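Below are the chains, spelled out letter by letter.
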Amino acid sequence: MNNETVNVTPYLMYEGDCEDALNFYTKILGVELVIVSRYDQPEMNAPASYQHKILHARLESGGQIILYASDTFPGKTTHKTGGDVSLSLMFHDSLDRAKKVFNDLAAGGKVGFPFEKQFWGAWHGSLTDQYGFNWNVNYE
């Protein structure tokens, strides 16, 4: 068996509102937004109206990358998952923080399953945020 560490990091694609979404997540989660590049690179041949959009960015927490994101190239559409993939957040220290994060992420979106204590003993809720991404919020 290979003993190398493997990290899986989600890469979210947006149709022009990536920076808005990442600022939304940054405010809620208290993480750092690092914008690596924008579409203003000559090699991208992006229209002038799109050059301020994000080509590559990441959210970091404690020096670790928690997700990558980008605006898709102008004219291309994104394909939301339709429910088969969710981003999961696990909280261990504060039920109040977990509740707040759930409610803040749900603002403008849709709650799939309310954040409540579950039969297995943990707190759990699911939602689709205002950008169309699915989240599970958990507290143990």
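Please refer to the structure placed before this passage.
**Structural notes on the overall build of the protein**
Reasoning step 1: When you go through the protein residue by residue, the secondary structure sums to two helices and eight strands.
Reasoning step 2: Counting only C-alpha atoms, the protein reaches 55 × 40 × 25 Å along its principal axes.
Reasoning step 3: Out of the 140 residues belonging to the protein, those deemed buried represent 39%.
Reasoning step 4: For the protein, the proportion of contacts with a sequence separation of at least 24, taken over those separated by at least 6, is 55%.
Reasoning step 5: For the protein, the accessible surface area stands at approximately 8500 Å², while carbon and sulfur atoms represent 49% of it.
Reasoning step 6: For the protein, the distance from the average position of its 11 positive side-chain charges to the average position of its 17 negative side-chain charges is 5 Å.

**Here's the deal with the nonpolar core**
Reasoning step 1: Counting residues in hydrophobic clusters, the biggest one holds 31 residues, and the most contacted among them are Tyr-14, Leu-22, Tyr-25 and Leu-105.
Reasoning step 2: Listing elements by their share of this core, those giving two or more residues are strand 1 (11–14), helix 1 (18–29), strand 3 (54–61), strand 4 (64–71), strand 5 (87–91), helix 2 (95–106), strand 7 (123–128) and strand 8 (134–139).
Reasoning step 3: The greatest single-element share of this core, amounting to seven residues, is contributed by helix 1.
Reasoning step 4: Apart from the residues within four sequence positions on either side, Tyr-14 is in contact with Ala-21, Tyr-25, Ala-69, Ser-70, Asp-71, Thr-72, Thr-78, Tyr-131 and Phe-133.

**Quick word on the environment of Phe-133**
Reasoning step 1: Its place among the elements puts Phe-133 in the loop between strand 7 and strand 8.
Reasoning step 2: Taking the C-alpha atoms as reference points, Phe-133 and Ile-65, 68 residues apart in sequence, are found 18 Å from one another.

**As for the sheet that holds strand 3**
Reasoning step 1: Strand order in this open sheet of four strands is 1-4-3-2, and the pairing throughout is mixed. Since the sheet does not close on itself, it has two edges, and those belong to strand 1 and strand 2 (32–38), each with one partner. Strand-to-strand twist across the sheet, computed as the mean angle between neighbouring axes with direction ignored, equals 20°.
Reasoning step 2: Here strand 1 pairs with strand 4 via four bridges, running parallel. Along strand 4, the bridge assignment pairs Tyr-14 with Asp-71.
Reasoning step 3: Set on the sheet, helix 1 makes contact with strand 1, strand 2, strand 3 and strand 4; between it and strand 3 the angle comes to about 5°.

**What about the sheet that holds strand 7?**
Reasoning step 1: An order of 5-8-7-6 is seen for the four strands of this open sheet, with the pairing classed as mixed. Of all strands in the sheet, those with a lone pairing partner are strand 5 and strand 6 (110–117), marking the two edges. Each strand of the sheet is rotated relative to its neighbour by a mean of 15°, with strand direction disregarded.
Reasoning step 2: Lying on the sheet, helix 2 is in contact with strand 5, strand 6, strand 7 and strand 8; it crosses strand 6 at an angle near 170°.

**What about the pattern of salt bridges?**
Reasoning step 1: Taken as a whole and assessed by the stated rule, the structure comprises three salt bridges.
Reasoning step 2: Residue Arg-38 is joined to Glu-19 by a salt bridge in which the shortest nitrogen-to-oxygen separation is 2.8 Å. With Arg-38 in strand 2 and Glu-19 in helix 1, this residue pair connects regions lying 19 residues apart in the sequence.
Reasoning step 3: Of the charged contacts in the structure, one is a salt bridge between Arg-58 and Glu-60, with a shortest N-O distance of 2.5 Å.

Parameters at a glance
Residues numbered from 1 in each chain as written. Predicted model: local features only at pLDDT ≥ 70, side-chain atom pairs only at ≥ 80, totals over all residues. Heavy atoms only, no water. Helix = DSSP H or I, 4+ residues; strand = E, 2+ residues; numbered from the N terminus. Buried < 20%, exposed > 50% of the residue type's maximum accessible area, 1.4 Å probe, protein only. Contact = heavy atoms within 4.5 Å. Areas by Shrake-Rupley, 256 points an atom, 1.4 Å probe, with all protein chains shown as cover. Lys, Arg positive; Asp, Glu negative; His and termini not counted. Charge placed at Lys NZ, Arg CZ, Asp CG, Glu CD. Core = buried A, V, L, I, M, F, W, Y, C linked by side-chain atoms within 4.5 Å. Pairing = 2+ DSSP bridges. Axes fitted to C-alpha atoms, helices over the stretch in contact; angles between N-to-C directions. Salt bridge = Lys/Arg side-chain N within 4 Å of Asp/Glu carboxyl O.

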